[in-house]
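Understanding the architecture of this molecule
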Amino acid sequence: MLVVTKFGGSSLSCATQFAKVKRIVESDAKRKIVVVSALGKRDASDTKITDLLYILHAHLKYGVPYEEIWNMVVTRFLDIKAELHLQYDIMADLEGLKLELNKGIAEDYLVSRGEYLTAKLMSDYLGYTFVDAKDLICFNYDGKIDYALTEKKVKLAFSEYGIIVVPGFYGAYPNGSVKLLSRGGSDVTGSILAKCLNVSLYENWTDVSGILAADPRIIDHPKAIKEITYEELRELSYMGANVLHEETVFPVQSLNIPINLKNTNDPNHPGTLIKNICDDKTDIVTGLAGKKEFVSFDISKNHMSNEIGFLRKALTIFEKYQVSVEHIPSGIDSFSVVVPQDSVEKSQYEIITELKKALGAEVSLDEDIALVAVVGRNMAGKSGICGMIFETLGSHNINVKLLAQGPSELNIIIGVSQKDYEATLKALYQKLL
Ligand code: ASP
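Note that the structure is a prediction, hence the values are computed from the model and not measured.

Contacts to the ligand come from Ser37, Lys48, Thr50, Glu115, Phe169, Arg183, Gly184, Gly185 and Ser186. Within the contact set of the ligand, an oxygen atom lies 2.9 Å away from a side-chain nitrogen or oxygen of Lys48. One nitrogen or oxygen atom from the side chain of Glu115 is found 2.7 Å from a nitrogen atom belonging to the ligand. When the ligand sits alone it has 260 Å² of accessible area, and the protein chains cover 93% of it. A molecule is said to occupy a pocket when more than half its atoms come within 2 Å of that pocket's grid points, and by this definition the ligand occupies the largest pocket. For the shell around the ligand, the residue count by class is 1 nonpolar, 5 polar and 3 charged.

Turning next to the layout of surface pockets. As a volume, the largest pocket reaches approximately 1,400 Å³. What lines the largest pocket is a set of 47 residues, and nearest its centre among them are Thr206, Asp207, Asn242, Val243 and Leu244. Mapped by element, the contributors of at least two residues to the lining of the largest pocket are α7 (186-196), β7 (201-206), α8 (230-238), β11 (287-300) and α13 (421-432). The residue makeup of the lining of the largest pocket, split by class, is 20 nonpolar, 17 polar and 10 charged.

The next point concerns the sheet that holds strand β9 (residues 259-263). Overall, mixed pairing links the 8 strands, which are arranged β3-β4-β2-β1-β7-β9-β10-β8 in an open sheet. Each edge of the open sheet carries a strand with a single partner, namely β3 (129-130) and β8 (227-229). Two strands pair when backbone bridges link them, and β8 and strand β10 (residues 272-275) are joined in this way by 3 bridges, in the parallel orientation. Its bridge partner lying in β10, Ile228 is registered against Ile274. Sitting on the sheet, helix α5 (residues 107-126) is in contact with β2 (31-36), β3 and β4 (164-167), with an inclination near 165° to β4.

Summed over all chains, the structure comprises 7 aromatic pairs. Ring geometry for Phe18 and Tyr125: centres 6.2 Å apart, planes at 45°, overall tilted. Note that Phe18 is positioned in helix α1 (residues 15-26) and Tyr125 in helix α5, a separation of 107 residues in sequence. The burial state of Phe18 is the same as that of Tyr125; both residues are buried. Grouping aromatic residues by their ring pairs yields a cluster made of Phe139, Tyr141 and Tyr173. Between the NZ or CZ atom of Arg113 and the centre of the ring of Tyr116, over which it lies, the distance is 4.2 Å. Sitting over the face of the ring of Phe130, Lys120 holds its NZ or CZ atom 5.1 Å from the ring centroid.

Here is what the cut-offs are and how they apply
Residues numbered from 1 in each chain as written. Predicted model: local features only at pLDDT ≥ 70, side-chain atom pairs only at ≥ 80, totals over all residues. Heavy atoms only, no water. Near = heavy atom within 4 Å. Polar contact = N/O pair within 3.5 Å; in protein donor to acceptor, adjacent residues only side chain to side chain. Areas by Shrake-Rupley, 256 points an atom, 1.4 Å probe, with all protein chains shown as cover. 1 Å grid on protein atoms, 1.4 Å probe; cavity = no way out; pocket = protein on both sides within 12 Å on 5 of 7 lines; lining within 4 Å. Sits in = over half its atoms within 2 Å of the grid points. Nonpolar A, V, L, I, M, F, W, Y, C, P; charged D, E, K, R; others polar. Points joined across faces, edges and corners; volume = space filled by probe spheres on them. Helix = DSSP H or I, 4+ residues; strand = E, 2+ residues; numbered from the N terminus. Pairing = 2+ DSSP bridges. Contact = heavy atoms within 4.5 Å. Axes fitted to C-alpha atoms, helices over the stretch in contact; angles between N-to-C directions. Phe/Tyr/Trp six-rings, centres within 6.5 Å; stacked < 30°, edge-to-face > 60°. Buried < 20%, exposed > 50% of the residue type's maximum accessible area, 1.4 Å probe, protein only. Lys NZ or Arg CZ within 6 Å of the ring centre and 35° of its normal.

Printed below as a string of structure tokens:
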């Protein structure tokens, strides 16, 4: 039985956090593959190493003095080495990097050093072998992961060294140049390694005890979710719940490798288990999430329902402007196309003009839409849930602008005015969770 264990930046912010990581890794012999992010924030006012490195690169690019930022980066790493009495000659690596700064260093390479140096420190501290992500995570030139090659390399490295530390967040193109994943991508690195080695569990350690059933900035101390399916997680993340990098699930889902989200600061808490099938039927609703800033193109025309191809013509226009459509609630002679506001910021007037011309329809724009998702695998086939939602919102004087439910009955999406967004979440949380 093998476990891939990934630690996020807050679990690696200082020597004390490193010590917690060591205790966790050493408390279970199955934790043979450790993935690390770069040093994170020590407190709310601190800056992540990754952000410092991005800022450093911007300074270099615009020819602004960068010594101060460079020194901040160096101090963070040296402090950890000193406090933990590590042998790794990090100064040599830092001096080598400094020499490259003025030679047009690539942004991806510079930023990836956050994870690289953190992993080197961690490998020394744990006594695990450091394996560079650029030798494992292989990208094609189109930016997609070459899974066949990656798997070959990961298996080889693992069989050679047995216990390894791998920096997250980056890989390399076939020519060896470093390519970053998108922000938060160390989650994805862990997931790729878990898939390649077909492990029994992928652990993802952060500073919260699992996924919360609602946004804690809106709901006071929401409960943590014990178990959640990959699909439910996708729905919640898509609708704004900030949990894992959204691509984390794909590599492990097909092999049914569960993900356990755990808290480095409270390792005995079970956290949240994400898997294909969850047997727990206690809660009908698993969680709530939502996002503001949607707009709705409201399209109406007399006897529209008799015109074949009407919807296609409308959607072709959204396609032309590369706008991804979220929902299409419809009546008989009218329908709405709901999209994220930022996706039509530049094109909304052109889209309206083209819709009017192509369809001969009335088109108006509602720019005040927030969406709230009620997500729960146990909602399927149950009666009365929409009733409960409407009753709750009605009793709080909240007007429902639109409603959508997918065929899997996994989620119910409610559109409300943005001013009602927080109140909607609060009312639904109180009733459903
Ligand atoms: N350090 C990177 C970031 O801050 C990647 C990660 O933490 O997963 O986005």
